[in-house]
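Residue-level listing of the chains:
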4 protein chains.
Amino acid sequence: MSEPRFHGVIPPVVTPRTADGALDLPGLGSVIEHLLAGGVHGLFVLGSSGEVAFLTDAERVSVIEESARVTAGRVPLIVGVNEMTPARVIEQVRLAEQAGADAIVATAPFYTLPSTAEIETHFRLIAGATALPLFAYDVPVRVHNKLTVDMLVRLGAEGILAGVKDSSGDDVAFRRLVNANRAAGEPLVLFTGHEVVADGALLWGAHGVVPGLGNIDPRRYVEMYEAAVDGDWARARSLQDELCALFEIVFQAQGVSGEAAGIGAFKVALARLGVISSARMSQPVAELDESTVERIHAIVDRSGLLVT
Amino acid sequence: MSEPRFHGVIPPVVTPRTADGALDLPGLGSVIEHLLAGGVHGLFVLGSSGEVAFLTDAERVSVIEESARVTAGRVPLIVGVNEMTPARVIEQVRLAEQAGADAIVATAPFYTLPSTAEIETHFRLIAGATALPLFAYDVPVRVHNKLTVDMLVRLGAEGILAGVKDSSGDDVAFRRLVNANRAAGEPLVLFTGHEVVADGALLWGAHGVVPGLGNIDPRRYVEMYEAAVDGDWARARSLQDELCALFEIVFQAQGVSGEAAGIGAFKVALARLGVISSARMSQPVAELDESTVERIHAIVDRSGLLVT
Amino acid sequence: MSEPRFHGVIPPVVTPRTADGALDLPGLGSVIEHLLAGGVHGLFVLGSSGEVAFLTDAERVSVIEESARVTAGRVPLIVGVNEMTPARVIEQVRLAEQAGADAIVATAPFYTLPSTAEIETHFRLIAGATALPLFAYDVPVRVHNKLTVDMLVRLGAEGILAGVKDSSGDDVAFRRLVNANRAAGEPLVLFTGHEVVADGALLWGAHGVVPGLGNIDPRRYVEMYEAAVDGDWARARSLQDELCALFEIVFQAQGVSGEAAGIGAFKVALARLGVISSARMSQPVAELDESTVERIHAIVDRSGLLVT
Amino acid sequence: MSEPRFHGVIPPVVTPRTADGALDLPGLGSVIEHLLAGGVHGLFVLGSSGEVAFLTDAERVSVIEESARVTAGRVPLIVGVNEMTPARVIEQVRLAEQAGADAIVATAPFYTLPSTAEIETHFRLIAGATALPLFAYDVPVRVHNKLTVDMLVRLGAEGILAGVKDSSGDDVAFRRLVNANRAAGEPLVLFTGHEVVADGALLWGAHGVVPGLGNIDPRRYVEMYEAAVDGDWARARSLQDELCALFEIVFQAQGVSGEAAGIGAFKVALARLGVISSARMSQPVAELDESTVERIHAIVDRSGLLVT
């Protein structure tokens, strides 16, 4: 397994808020130091787990600038520039460039009803507007289009795309992507966004993982990645199984939004670990109820992370 | 049928571009004069048909300002403020207020995975941030959530929502909405966004129609509306059938995006009628091929609109 | 509006069961007499509302035979032959032919993943195997494919299809179908399956309605149909609004299956009216809880049907 | 990894037809001998790959009887009993029992709109009607409901279900199922139905794989399974990668049905290998065009299977 510049464990960093709902920049710095202490290989801010959709442009700039300041080049800083269409994405790219991004991540268009050809043009237009490496974020549950293997490898081979973050939930397609990319000389670096099948993805040949759960337990993801690099798959699986047990925190809430259940649980866990001071979410996302919080606390407490 | 301030035919105004892709403000003025000459009862700019998702904030402000300037209060100006989440919508609301909007239209959150309760909070937060009347835009094909009858009527009764633009394609739910709204004292004004079933919607009790096709043939929609107000349903249906024949322009393209097929066809037709000079779409939407354009021209030519 | 052989109000007849779950053939006869007394123009047995998916072949034959015996030619008897693929549908067609069907109704294939071309072949194979008129049942919520306007009109023009029962929920497509069928010389008779927009569908040119709710209040549907034939659209709408109020029975249950909420409510209402003795559903469909049943009773009681 | 009675490689056996469309029982025997020669641990007939949806009951009985006769107890014979609802499934169970099945496989209800509770009742009713071990087949792409982890483990713990064939494409859920099953004492045997991620599934703890592609290259699947049992994950991955290259046969056809592209490719490949004499599919599935067949032949020829 060669190690390209972007590789390994690159968590999608959560965006903390204070109890009154304001952006919590010290909390963000604390999360980043927690991640770096865990040995992560990069940071991805303003992803779905970073609540990018809920932040104003001013808030987004603050997040990037503070992340760049705290990180100070220790690892690459990748920035989400999700917007509906190319013209609007490119405005986000300018903000990211000025605020200190090392690479950018964009989805297919959303709200719109694009053709396959328009999705491809979308990525070409973005790449043509910046010198930063561009990653495609494949997330059909949010944008309602799946990126195709053929298009991704073609855009990789042409130097339009540097890599892919796959959150499609479609491992059959991901396996095909890994193999087609290898046959094309490996132009793309490939990350899985799925927290609980990363051992499998690494076995298949993924270059890394972008796990929301990595906000909570970065070290164990790094250890799993290192086990995979060493070819110790039994150990990788064992570590993954421990992370699976921890990931149950996102299944505790019932009848709430995807953001409340997932990112809300991440924030509750980070608060439990003392990394941030509040689990507050962006409006209109409600906070989790007390019994859900207690179940999440119990899972975190069982994980062995709470060593004081 | 009482006539509230917002009623009748309120087309979602297309946003013309010049052949080189720039915003075509004179073309926009021309479209608006075409619509006002047709007798429309209001204008809705920056809707899906206005390619709102493809415009930068600066372009959006230009569209609103120019629309307000040209319209000069002759009819109400309703402005789309579609964005992913409340904080971002409210920024759009500020732009709309400053640029001259008389009312605003917002969808449910998108890109996110909201709960029903969060969708309701979303509308409450928007309404709480402005004095302008707020319309809910129900468009599950784009935002992937259907607004519920119960929530809409409740928000109407509380004065949060002024009305609904229904583009859900779910006439069973729309009929239930009309009846539930009536039972609640008719707090909401209700519009169908579906071009070809407006006679039915008016029969059921809709207060108006927001037809993309109204960009092309506003007068016939106005005549249909007037026939409906007069209770002349045979005439309403007959006019609707003529409009159905014209609406076939959006079914001519194959294998292209929803925007290219639909809005692209509207622009081709407006160019054929001499209202605008170019059918150019926003990037990354491709223009229609020549044979599709010819089929659209033939339909327009048969419609009787081309009186010289 | 010409009156083809199949036209008007043709309810999809529910299949009663006794309290112990057995087929209730006397109850079925009672439902049929209730419908004929209401003036319906035809009967459709073994549709979705008839729980066709839940019946064994032996039960299906019993339902057809008893329906044919009770109806005794007073109105046409249309029989659902829903199965996954042509070979299995044709076996059902044989049963229907032998048991006394006057026409048959088939969906697109389901469970399978058919192409558009295979869906068309499916209908051609069925029609080629029987002399009975064949209706296409367009029900994407169950079979997960929408029948296209082009295919339906083509199969009508070739004499493969006699008509369409549209339960697609897509009135835009239905309006296009009505107009395309008219342009082709009206080879198809067109029915809407949606209980609450039938006045609109008739205004557009539908030949009839197949309303599950017609099991409860057949007379009012017949009166609405007659008002439509007379061009008295205000009266048609008024009757439809009354039927909409009654249709609220299907929205009373929460968290249960589509069958329990809808067909379950029909059976509860029929039992309330004394037409059948039990609201029992086919396994594994549970019966509605007591508070739901009470809300349904209250709606039925307000409808004016309970004149003793 | 313990080895329960049902484990390892259990291909879903294709159902050959002669060039004129008749059931090809000698061809079926030839496929089974090919599979047994490859060392498979069981046979699954009348699955989706066996075109169960397209076969009449008489054909289904012939397939089971011939399979039982040829297999003669050398490996367990598992039989699909897919039908819409419990009453109809149980009729299929009777056929399977009489014809020689060792276990049965059933999906959730389809065509119907079941609640979660009804899906659970469905499996309870089936299990209650037979002494044969019952496997749940999780295939939302066909039945449009995903089986939940909680329900599956509960039904396993109660002895209702013997195992699960997971074709959900949702590896996150599958991983959770593996872990929840382990925590419950491993009442279920778990199979993945996805041909190209079986190495990962085995790493996670799956007991076996049900690969359609196993019809073509059973031996390599068996070798991969044995490598997994030995903990030689690099070898398992390498064999899986070879199988991935072969699996590209199902992506060669464009614009055809799922059955034509997938099962059609399997049959073309089997014919190329001389195992069957015709790639004929069940009606209304069309055969693949010549250029697609040639591309499939080229992939098969490159696979090294064609040693004569």
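Residues numbered from 1 in each chain as written. Chains lettered and ligands numbered in written order. Predicted model: local features only at pLDDT ≥ 70, side-chain atom pairs only at ≥ 80, totals over all residues. Heavy atoms only, no water.

The name recorded for chain A in an unreviewed UniProt entry is Dihydrodipicolinate synthase family protein, from Subtercola vilae. According to its UniProt record, chain A has this under Sequence similarities (unreviewed entry): "Belongs to the DapA family." (UniProt positions renumbered as here; feature names shortened; annotations may be inferred.)

Here the focus is the overall build of chain A. Per the secondary structure count, chain A includes 12 helices and eight strands. The C-alpha radius of gyration of chain A comes to 18 Å, within 12% of the 19 Å expected for a compact globule of 308 residues. By residue count, 66% of the 308 residues in chain A fall in the buried class. By sequence separation, contacts in chain A at least 24 residues apart represent 73% of the contacts at least 6 residues apart. Element-wise, carbon and sulfur atoms account for 50% of the exposed surface of chain A, whose accessible area totals about 9,700 Å². Of the charged side chains in chain A, 24 are positive and 38 negative; the average position of the first set lies 1 Å away from that of the second. (Helix = DSSP H or I, 4+ residues; strand = E, 2+ residues; numbered from the N terminus. Rg over C-alpha atoms; globule rule 2.2 N^0.38 Å. Buried < 20%, exposed > 50% of the residue type's maximum accessible area, 1.4 Å probe, protein only. Contact = heavy atoms within 4.5 Å. Areas by Shrake-Rupley, 256 points an atom, 1.4 Å probe, with all protein chains shown as cover. Lys, Arg positive; Asp, Glu negative; His and termini not counted. Charge placed at Lys NZ, Arg CZ, Asp CG, Glu CD.)

When the UniProt feature table is mapped onto this chain numbering, "active site" (unreviewed entry) sits at A:Tyr137 and A:Lys165. The largest pairwise C-alpha distance within this set of annotated residues, which runs over 29 residues, is 4.8 Å, so the set is compact in three dimensions. Taking relative accessible area as the criterion, A:Tyr137 reaches 3% and is therefore assigned buried. Not counting residues within four places of it along the chain, the set of residues in contact with A:Tyr137 comprises A:Ser48, A:Asn82, A:Val105, A:Ala106, A:Thr107, A:Ala108, A:Leu147, A:Lys165, A:Ser167 and B:Tyr111. Polar contacts involving the side chain of A:Tyr137 include one to the side chain of A:Ser48, which spans 2.9 Å. Locating A:Lys165 in the fold gives a position in strand 6 (residues 163–166). Leaving out residues up to four positions away in the same chain, A:Lys165 has contacts with A:Phe44, A:Ala136, A:Tyr137, A:Asp138, A:Phe191, A:Gly193 and A:Val210. (Polar contact = N/O pair within 3.5 Å; in protein donor to acceptor, adjacent residues only side chain to side chain.)

Moving on to the environment of D:Ala37. Residues and elements named next belong to chain D. With respect to the helices and strands, Ala-37 occurs in helix 1 (residues 25–37). We classify Ala-37 as exposed; its relative accessible area is 52%. Distance in space between the C-alpha atoms of Ala-37 and Arg-219 is 7.9 Å, their sequence separation being 182 residues.

All names here are of chain C. Most of strand 5 (residues 134–138) sits out of view: five of its five residues are buried. Neither face of strand 5 is exposed, since Leu-134, Ala-136 and Asp-138 on one face and Phe-135 and Tyr-137 on the opposite face are all buried. Two elements, strand 4 (residues 103–107) and strand 5, share four bridges in a ladder whose sense is parallel. Following the sheet pairing, Ile-104 is matched in strand 5 by Leu-134. What joins strand 4 to strand 5 is helix 4 (residues 116–128), and the crossover it makes is right-handed. The sheet contact formed by strand 5 and strand 6 (residues 163–166) spans four bridges and is parallel. The residue bridging Asp-138 from the neighbouring strand is Asp-166, located in strand 6. (Pairing = 2+ DSSP bridges. Right-handed = clockwise from strand over helix to strand, strands pointing away.)

The next thing to look at is the interface of chain C and chain D. Accessible area lost upon the coming together of the parts serves often as the stated size of an interface. Contacts between the two partners involve 43 residues from chain C, matched on the other side by 42 residues from chain D. Across the chain C to chain D interface the summed buried area is about 3,300 Å²; carbon plus sulfur atoms make up 62%. Scanning the region where chain C abuts chain D turns up four salt bridges. Ionic pairing is found between D:Arg88 and C:Asp57, a salt bridge with its closest N-O pair at 2.9 Å. The tally of links between chain C and chain D comes to 20 residue pairs in polar contact (both at pLDDT 80 or more). Of all the elements in the fold, those that place two or more residues in the side of chain C that touches chain D are helix 2 (57–71), helix 3 (86–99), helix 4, helix 5 (140–143) and helix 11 (258–272) of chain C. The biggest single contributor to the side of chain C that touches chain D is helix 3 of chain C, with five residues. Residues belonging to the side of chain C that touches chain D are distributed by class as follows: 20 nonpolar, 15 polar and eight charged. (Buried area = accessible area lost by both parts, 1.4 Å probe. Salt bridge = Lys/Arg side-chain N within 4 Å of Asp/Glu carboxyl O. Nonpolar A, V, L, I, M, F, W, Y, C, P; charged D, E, K, R; others polar.)

All names here are of chain A. The UniProt feature table records "binding site: pyruvate" (unreviewed entry) at Val-210. With respect to the helices and strands, the residue Val-210 is situated in the loop between strand 8 (208–209) and helix 9 (218–229). Contacts of Val-210, omitting those with residues within four sequence positions, involve Ile-10, Pro-11, Pro-12, Phe-44, Lys-165, Phe-191, Thr-192 and Gly-193.

Attention shifts here to the interface of chain B and chain A. The interface is formed by 43 residues belonging to chain B together with 43 residues belonging to chain A. A combined buried area of about 3,300 Å² lies between chain B and chain A, and 62% of that area is made up of carbon and sulfur atoms. Between chain B and chain A we count four salt bridges in total. A salt bridge links A:Arg88 to B:Glu83, with the shortest nitrogen-to-oxygen separation between them at 2.8 Å.

Further remarks concern the relation of the copies chain B and chain A. Note: a rotation about an axis with an accompanying shift along it relates these two copies of the chain. Once turned by 180 degrees and shifted 0.0 Å along the axis, chain B lies on chain A with an RMSD of 0.0 Å. The transformation just described matches what one would write down for a two-fold rotation axis. Across chain B, the rotation axis passes nearest the C-alpha of B:Tyr111, at a separation of 3.9 Å. Looking at the interface residues of chain B, 100% of them are also at the interface in chain A, so both copies use one shared face. (Least-squares fit on C-alpha atoms with pLDDT ≥ 70 in both.)

Let's shift gears to the sheet that holds strand 5 (residues 134–138) of chain B. Strand order across the open sheet formed by eight strands is 1-8-7-6-5-4-3-2 (chain B), with parallel pairing between neighbours. Of all strands in the sheet, those bounded by a partner on one side alone are strand 1 (8–9) and strand 2 (43–45) of chain B.

Attention now goes to the confidence of the model for chain A. A residue-level look at chain A finds 99% of positions with pLDDT of 70 or above and a mean pLDDT of 97. Reported confidences for the modelled complex are a pTM of 0.97 and an ipTM of 0.96. (pLDDT = per-residue confidence, 0-100.)

Let us look at the packing of aromatic side chains. Two numbers describe a pair of aromatic rings. These are the distance of the centres and the angle of the planes. One pass over the full model with this rule turns up 20 aromatic pairs over all chains. Where A:Phe110 meets B:Tyr111, the ring centres are 4.9 Å apart and the plane angle is 45 degrees; that geometry is what we call tilted. With one member in each of two chains, A:Phe110 in the loop between strand 4 (103–107) and helix 4 (116–128) and B:Tyr111 in the loop between strand 4 (103–107) and helix 4 (116–128) form a pair that bridges those chains. Judged by centre distance (5.3 Å) and plane angle (85 degrees), the ring pair of C:Phe6 and C:Phe135 falls under edge-to-face. Of this pair, C:Phe6 sits in the segment before strand 1 (8–9) while C:Phe135 is found in strand 5, placing the two residues 129 residues apart along the sequence. Grouping residues by exposure puts C:Phe6 and C:Phe135 together as buried. Taken together, A:Phe110, A:Tyr111, B:Phe110 and B:Tyr111 form an aromatic cluster joined through their ring pairs. Above the ring of C:Phe251, the side-chain terminus of B:Arg176 is found at 3.4 Å from the ring centroid. (Phe/Tyr/Trp six-rings, centres within 6.5 Å; stacked < 30°, edge-to-face > 60°. Lys NZ or Arg CZ within 6 Å of the ring centre and 35° of its normal.)

Our next topic: the relation of the copies chain C and chain D. When chain C is brought onto chain D, the operation consists of a screw motion whose angular component is 180 degrees and whose axial shift is 0.0 Å, with 0.0 Å RMSD remaining. Both copies share a contact surface, since 98% of the interface residues of chain C are interface residues in chain D too.

All names here are of chain B. Packing of helix 9 (residues 218–229) against helix 10 (residues 233–247) leaves a shortest axis separation of 8 Å and a crossing angle of 160 degrees. Between helix 9 and helix 10, the angle is such that the two are roughly antiparallel. Pair helix 9 / helix 10 crosses with left-handed handedness. Packed against helix 9, whose contacting residues are Arg-220, Tyr-221, Glu-223, Met-224, Ala-227 and Ala-228, the element helix 10 presents Trp-233, Arg-235, Ala-236, Leu-239, Gln-240, Glu-242 and Leu-243 at the interface. Residue composition of the contact of helix 9 with helix 10, by class: eight nonpolar, one polar and four charged. (Axes fitted to C-alpha atoms, helices over the stretch in contact; angles between N-to-C directions. Parallel < 35°, antiparallel > 145°, perpendicular 65-115°, else oblique. Left-handed = near helix turned anticlockwise from the far one by under 90°.)

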